[in-house]
Amino acid sequence: MQKQGLLIFLLFLFTVSLSAQSKVSKDILFVGNSYTYFWNLPQVVAQMAVERDIAITTRQSTSGGTNLGQHYRGAKALKSVELIQSGDFNIVVLQDHSRRAIDAPDSLMYYGALLGEMVKKSGAQPYVYLTWARQWDPSMQDPITKEYMALAKKINAKVVPVGLAWEKAREINPHFPLYDQDQSHPSSLGTYLSACVFFAVMTDQSPVGLPNRLITTDKDGEKLYLTIQSKADALFCQQIAEQVVAEMK
C-alpha cells in the first residue's frame, strides 16, 4: 500500500509539473519579412496556443523583402537588434530573404550567426525558420534546406521545418493551394500550414485537432477572424505538420 501511495504521489507531482510548464509564457520575437507577416503568422501561432491553454505571446520585427543583414544593420528603421538585446524574449525566430540561401548563402550564414549569437547572449533560444521553394521551381528546396540546417547547427538553434512541410504537402497533393497568386508568398492556407509546424515545434504537441477557424478579439473587444479554413484542409495541414516535425526529431 505504501508503494502504491508513493506512486500516486509521484504521478501527482508529474502532472502538476506538466501543468506548470504549460503555463510558463513563451515570449517569441519573429525577425523576418513578408514570409512571416503574410496572413498574420505570429498571431495565428499564438492563437493556436490559446486553444490548448498554452501561454505564448508573439511580436514581430518585419519588413517586406528584408534580409538578415538589413535586420542586423537596422535598415528600413528596423529595431531587431534592440529588441533582441532587450531580453524581453525567450525565443527569437530568424528568417532570411526567401532567395538568400540560393543567391547569397555566405550572407545568410554570416548574419544568421551574428544574430544567433546575439540571441543567445540575451538569454533567449534561437530558432531558424526554414522556408519553402517558389511554386514554379521545387528544386529550390534542397539548397534552402541545406543552408538553414547548416546555420542551425552553427548557432545551436532549433529548426522550424516549414519548407519541408510545404514540400511534403505538394508531393501528396500538387494542387493544394499553399501559394498566393504570385507563386511565392503563402496563401491563407499556406500560412495555416506554416503555423501548424511552428505550433508543433514550439509546444512539442501535435497540431492535430486544432480548430479550422481561429478567432481572437481586437482592441475594442470585437471578433477578429485570423484564419478560416475548411475542416478537411485544416486536418491535412495538421497531419502534414505532425509528420514532418516528428521526422525532424
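Just above sits the structure.
What this report covers is the structure whose coordinates are included nearby. (Residues numbered from 1 in each chain as written. Predicted model: local features only at pLDDT ≥ 70, side-chain atom pairs only at ≥ 80, totals over all residues. Heavy atoms only, no water.)

Here we look at the side chain of Asn67
Then comes step 1: By the element assignment, Asn67 lies in the loop between β2 (56–62) and α4 (68–73).
Then comes step 2: At a separation of 3.0 Å, a polar atom in the side chain of Asn67 contacts the main-chain amide nitrogen of Gly69.
Then comes step 3: Ignoring any residue separated from it by four or fewer positions in sequence, one finds Asn67 in contact with Asp96, His97 and Arg100. (Helix = DSSP H or I, 4+ residues; strand = E, 2+ residues; numbered from the N terminus. Polar contact = N/O pair within 3.5 Å; in protein donor to acceptor, adjacent residues only side chain to side chain. Contact = heavy atoms within 4.5 Å.)

Here we look at the pattern of salt bridges
Then comes step 1: By the definition in use, this model includes 4 salt bridges.
Then comes step 2: Between Asp103 and Arg99 there is a salt bridge; the shortest N-O distance is 2.9 Å.
Then comes step 3: Residue classification places Arg99 among the partly exposed residues on the basis of a relative accessible area of 27%.
Then comes step 4: Here Glu117 ties to Lys120 by a salt bridge, and the two come within 3.1 Å at their closest N and O atoms. Within this pair, Glu117 and its partner Lys120 are both found in helix α7 (residues 105–121), separated by 3 residues, close to a single helical turn.
Then comes step 5: A relative accessible area of 31% means that Lys120 is categorised as partly exposed. (Salt bridge = Lys/Arg side-chain N within 4 Å of Asp/Glu carboxyl O. Buried < 20%, exposed > 50% of the residue type's maximum accessible area, 1.4 Å probe, protein only.)

Observations concerning the nonpolar core
Proteins that are soluble and globular tend to have nonpolar side chains buried together.
Then comes step 1: Ranked by size, the top nonpolar core spans 45 residues in total, and within it Met48, Val93, Leu193 and Phe198 carry the most contacts.
Then comes step 2: Of all the secondary-structure elements, those providing two or more residues to this core are β1 (26–32), α3 (41–51), β3 (91–94), β4 (125–129), α9 (162–172), α10 (188–203) and α11 (231–248).
Then comes step 3: Setting aside chain neighbours within four positions, we find Met48 in contact with Tyr192, Ala195, Cys196, Phe199, Leu210 and Leu214. (Core = buried A, V, L, I, M, F, W, Y, C linked by side-chain atoms within 4.5 Å.)

Some thoughts on the packing of α9 against α10
Then comes step 1: Running from amino to carboxyl end, α9 crosses α10 at an angle of 125°, the nearest separation of the two axes being 9 Å. Regarding the angle of α9 to α10, the classification is oblique. Our pair here, α9 against α10, has a crossing hand that is right-handed. Across the interface between the two elements, Val162, Ala165, Trp166 and Ala169 of α9 pack against Gly190, Leu193, Ser194, Val197 and Phe198 of α10. (Axes fitted to C-alpha atoms, helices over the stretch in contact; angles between N-to-C directions. Parallel < 35°, antiparallel > 145°, perpendicular 65-115°, else oblique. Left-handed = near helix turned anticlockwise from the far one by under 90°.)

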